[in-house]
Amino acid sequence: IWQAIWRRKMKIALVFYLIAIAADLTACFLHKKKVRFLTKTALMPLLLLIVLLHFDFVPALVTAGLAFGFLADLLLLFDKHKWSTPRGIASFSIGHILYCIILLQGASFPKWYIVLAVCAVLVVGIAISYKGLHTYLSRPMKLPVLFYMTIICVMGAAAFIRLLAAPNLYNGIAVAGSLLFML
C-alpha cells in the first residue's frame with residue numbers, strides 16, 4: 001500500500017512540475033517577469049521532489065546540482081543587476097560540473113574512437129555556439145560564457161557516453177535533458 005501512495009505522490013508532483021513548466025514558458029513568452037519569479041523558482045524544487053519520491057537513494061551530488069540550478073534560476077531573474085548574471089552562470093556551472101561527475105562515475109567507456117568522435121562533436125558544438133554568441137557578449141562576459149558553454153557541452157558528451165556504455169531509460173533522459181539545456 002505504501003508503494004501505491006508513494007507512486008501517487010510522485011505522479012502528483014510530476015503534474016505540478018509539468019504545470020510549472022507550461023506556466024513558466026507562457027510567462028516567458030508573454031514577458032511576465034513577476035509571474036516568472038514564482039514559476040521559474042518552482043521548477044528545481046519540484047524536480048528534486050520528483051527525484052526524491054522516485055528513487056530509494058539520491059546521491060548528494062544530484063541534490064547539490066539541483067540546488068545550484070535553483071540558485072542560478074533565482075539569480076538570473078534579477079537581470080537588471082550587474083551582479084546577477086555572472087553569479088547565475090557560476091551557479092549553473094557548479095551544478096553542471098556536479099552532473100558531469102555523476103554521469104562519469106562508474107561509467108564503463110565505449111571504444112576509444114567513439115569517445116574521440118563525441119569529443120570532436122563537442123569541440124565543434126562549442127565553436128559554433130561561441131561564434132554565434134560572440135558578437136552579443138560584452139568583453140568581460142566572453143570568457144565566463146565560453147567556460148559555461150564548455151561545461152554544458154561536456155555534460156552532454158558525458159551523458160551521451162554513459163548512454164552508449166549503458167543504454168537505459170534514465171541515461172536516455174540524461175541525454176535528452178542535456179540536449180534541451182543546450183538549446
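The structure we're discussing is the one just above.
Described in the following lines is the structure provided in the data block. (Residues numbered from 1 in each chain as written. Predicted model: local features only at pLDDT ≥ 70, side-chain atom pairs only at ≥ 80, totals over all residues. Heavy atoms only, no water.)

Points about the overall build of the protein chain
Alright, step 1. A count of helical and extended segments in the protein chain gives seven helices and zero strands.
Alright, step 2. Listed by position from the N terminus, the elements making up the protein chain come as α-α-α-α-α-α-α.
Alright, step 3. The C-alpha atoms of the protein chain give 18 Å as radius of gyration, which agrees with the globular expectation for 183 residues (16 Å, within 12%).
Alright, step 4. Reported as C-alpha extents along the three principal axes, the dimensions of the protein chain are approximately 55 × 50 × 25 Å.
Alright, step 5. Looking at the 183 residues of the protein chain, the share that counts as buried comes to 32%. (Helix = DSSP H or I, 4+ residues; strand = E, 2+ residues; numbered from the N terminus. Rg over C-alpha atoms; globule rule 2.2 N^0.38 Å. Buried < 20%, exposed > 50% of the residue type's maximum accessible area, 1.4 Å probe, protein only.)

As for helix 3 (residues 60–76)
Each turn of an α-helix holds 3.6 residues, which means side chains three or four residues apart point in the same direction.
Alright, step 1. Its 17 residues give helix 3 an end-to-end C-alpha distance of 24 Å, which sits within 8% of 24 Å, the value for a rise of 1.5 Å per residue.
Alright, step 2. For helix 3, the full list of buried residues reads V62, G65, L66, G69, A72, D73 and L75.
Alright, step 3. Of the surrounding elements, those touching the buried residues of helix 3 are helix 2 (33–54) and helix 4 (84–104). (Expected span 1.5 Å × (residues − 1). Contact = heavy atoms within 4.5 Å.)

Points about the side chain of T39
Alright, step 1. Residue placement: T39 occurs in helix 2.
Alright, step 2. Accessibility expressed as a relative area gives 7% for T39, which makes it buried.
Alright, step 3. Here T39 is in contact with A20, A23, D24 and A27, once residues within four sequence places are set aside.

Structural notes on the packing of helix 3 against helix 4
Alright, step 1. Two elements in contact, helix 3 and helix 4, have axes separated by 8 Å at closest approach and are oriented at 160 degrees. Taken as axis vectors, helix 3 and helix 4 run roughly antiparallel relative to one another. The element helix 3 and its partner helix 4 pack so that their crossing is left-handed. For the pair helix 3 and helix 4, contact is made by L61, V62, A64, G65, L66, F68, G69, L71, A72, D73, L75 and L76 and by S84, T85, R87, G88, S91, F92, I94, G95, L98, Y99, I101 and I102, respectively.
Alright, step 2. Taken together, the residues that form the contact of helix 3 with helix 4 break down as 15 nonpolar, seven polar and two charged. (Axes fitted to C-alpha atoms, helices over the stretch in contact; angles between N-to-C directions. Parallel < 35°, antiparallel > 145°, perpendicular 65-115°, else oblique. Left-handed = near helix turned anticlockwise from the far one by under 90°. Nonpolar A, V, L, I, M, F, W, Y, C, P; charged D, E, K, R; others polar.)

Regarding the side chain of D24
Alright, step 1. Within the secondary structure, D24 is located in helix 1 (residues 2–29).
Alright, step 2. For D24, a relative accessible area of 5% translates into the label buried.
Alright, step 3. Excluding anything up to four places from it in sequence, D24 contacts R36, T39, K40 and L43.

As for the packing of aromatic side chains
Aromatic ring pairs: the centre-centre distance and the angle between the two ring planes describe each pair.
Alright, step 1. According to the stated counting rule, one finds four aromatic pairs in the structure shown.
Alright, step 2. Geometrically, the ring pair formed by F78 and W83 is tilted, given 5.8 Å between the ring centres and 35 degrees between the ring planes.
Alright, step 3. Accessibility expressed as a relative area gives 30% for F78, which makes it partly exposed.
Alright, step 4. A relative accessible area of 36% places W83 in the partly exposed class.
Alright, step 5. Every member of this aromatic cluster is reached through a ring pair, and the members are F37, F78 and W83. (Phe/Tyr/Trp six-rings, centres within 6.5 Å; stacked < 30°, edge-to-face > 60°.)

Let's talk about the environment of D24
Alright, step 1. For D24 and K40, which are 16 residues apart along the polypeptide, the C-alpha to C-alpha distance reads 5.9 Å.
Alright, step 2. Here R36 takes part through its side chain, which lies 3.0 Å from a polar atom of the side chain of D24.
Alright, step 3. From its side chain, D24 meets the backbone nitrogen of K40 in a polar contact 3.4 Å long. (Polar contact = N/O pair within 3.5 Å; in protein donor to acceptor, adjacent residues only side chain to side chain.)

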